[in-house]
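Observations on the model geometry
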Amino acid sequence: MESRYLRKFLGRCLSQALAEIVKFQPADPIEYLAFWLYKYQKNMVAEELRQRELAQLQQEQELARMEQEMLKQLKEEELLFQQQQLELELQEKERQRLEELEKQRLEMEMQERERLMLEELEKSEYEEDQSGEEEENIVETTPVEGDDLNKTLAEISDRYGAPNLSRVEELEEPTLSEVALDYDREDKDQ
C-alpha cells in the first residue's frame, strides 16, 4: 500500500530527479535533489495555474464566440424585420395609390355618366320641344301596372326617360265654328 502511495505521488518525480542527478552528477546530490523537488513543486503549481487559466480563456473565448453569433443573428433579424417593414410600407403606399387611382377612375366615370345624362336630357328636351311645336298638345299614355294605378301623373313622369310634362306647351284649340269656316273656304277654293 505504501508503495502505491509512493508511486502515485513520487514515482514520476523521483525518477526524473534521479535521472538528472545521474546526468549532471552534482557535488552535493542531496542538496540538488532537495532544490530540484522544490522547483518541481513550483513548476507543478505554475502548470496547474496555467491549465486553469487556459481553460478559463477557452471558456471566455467560447462565450465571446457565442455572443458574436447572437449579435450577428440579431442584426440579421433586425435587417429582415426592417425589410419586412419596408415591404409593408411599400405595399401600403401601393394600395393607397391604387385606391386613389380607383377613386379617380370612379370620379371620371361619374362625370362621364353625368355628362351623358345631361346630353340625353338636353336631347330629349330638344326633341320634346320639336314634337310640341309640330303636334298639337298630344299626351301619350303609358300602360300602368298595379302600383302605378295609385300614382299621379307627375310621379310617373319623374322616371328616367319619361317626358317632362311640366314643359308641355298648350296651344289654343280651334273652336267648332272656326273648323267649319275652314271647310267652307276649302270648298269655295275648289
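Residues numbered from 1 in each chain as written. Predicted model: local features only at pLDDT ≥ 70, side-chain atom pairs only at ≥ 80, totals over all residues. Heavy atoms only, no water.

A few points about the overall build of the protein chain
For the protein chain, the helix and strand inventory stands at 4 helices and 0 strands. Overall, the protein chain shows an N-to-C arrangement of helices and strands of α-α-α-α. A buried classification covers 4% of the 190 residues belonging to the protein chain. For the protein chain, the share of sequence-separated contacts (at least 6 apart) that also reach a separation of at least 24 residues comes to 46%. By element, 55% of the accessible surface of the protein chain is carried by carbon and sulfur atoms, the whole surface being about 18,300 Å². (Helix = DSSP H or I, 4+ residues; strand = E, 2+ residues; numbered from the N terminus. Buried < 20%, exposed > 50% of the residue type's maximum accessible area, 1.4 Å probe, protein only. Contact = heavy atoms within 4.5 Å. Areas by Shrake-Rupley, 256 points an atom, 1.4 Å probe, with all protein chains shown as cover.)

Quick notes on the packing of aromatic side chains
Any two aromatic rings considered together are summarised by their centre-to-centre distance and by the angle between their planes. Within the structure shown, the criterion is met by 2 aromatic pairs. With a centroid separation of 5.3 Å and 15° between ring planes, the pair formed by Trp36 and Tyr40 is classed as stacked. Separated by 4 residues within a single helix, Trp36 and Tyr40 lie in helix α2 (residues 29–134), roughly one turn from each other. Neither residue differs from the other here; Trp36 and Tyr40 are each classed as buried. (Phe/Tyr/Trp six-rings, centres within 6.5 Å; stacked < 30°, edge-to-face > 60°.)

Looking at the pattern of salt bridges
Evaluated as defined, the whole model comprises 11 salt bridges. In this structure, Arg50 engages Glu47 in a salt bridge whose closest nitrogen and oxygen atoms are separated by 2.8 Å. One end of the pair, Arg50, and the other, Glu47, are both in helix α2, 3 residues apart, so they sit about a helical turn from each other. Relative accessible area serves as the criterion here: at 44%, Arg50 is assigned to the partly exposed category. The exposure class assigned to Glu47 is partly exposed, which follows from its relative accessible area of 32%. Glu119 is paired through a salt bridge with Arg115; the nearest N and O atoms lie 2.4 Å apart. Here Glu119 pairs with Arg115, and both are found in helix α2, just 4 residues apart, close to one helical turn. Each of Glu62, Arg65 and Glu69 takes part in salt bridges that share partners, so that together they form one network. (Salt bridge = Lys/Arg side-chain N within 4 Å of Asp/Glu carboxyl O.)

So, helix α1 (residues 2–24)
For α1, the principal kink sits at Leu10 and spans about 65°. Those residues of α1 not exposed but buried are Cys13, Ala17 and Ile21. Just past α1, the residue Gln25 takes up positive phi, approximately 50°. (Bend = angle between axes of the 7 residues up to and from the residue.)

Digging into a nonpolar patch on the surface
Together, Tyr5, Leu6, Phe9, Leu10, Leu14 and Leu18 make up a nonpolar patch on the protein surface, roughly 580 Å² of accessible area in all. On the secondary structure map, Leu14 appears in helix α1. (Patch = residues over 30% accessible without salt bridge, like charges linked within 9 Å, V, L, I, M, F, W, Y side chains within 5 Å.)

So, unusual backbone geometry
One non-glycine residue with positive phi stands out, namely Gln25, at about 50°. Here Gln25 is to be found in the loop between α1 and α2. Take Gln25: its relative accessible area is 63%, and that puts it in the exposed class.

Description of the confidence of the model for the protein chain
Low-pLDDT stretches of the model should not have their predicted coordinates read in fine detail. On average, residues of the protein chain score 82 in pLDDT, and 72% of them are at 70 or above. Here helix α3 (residues 153–157) is the element of the protein chain with the lowest mean pLDDT, 60, and α2 is the one with the highest, 92. Contacts for the low-pLDDT stretch residues 136–141, under 50 throughout, to residues beyond four places or in other chains number 4 contacts. (pLDDT = per-residue confidence, 0-100.)

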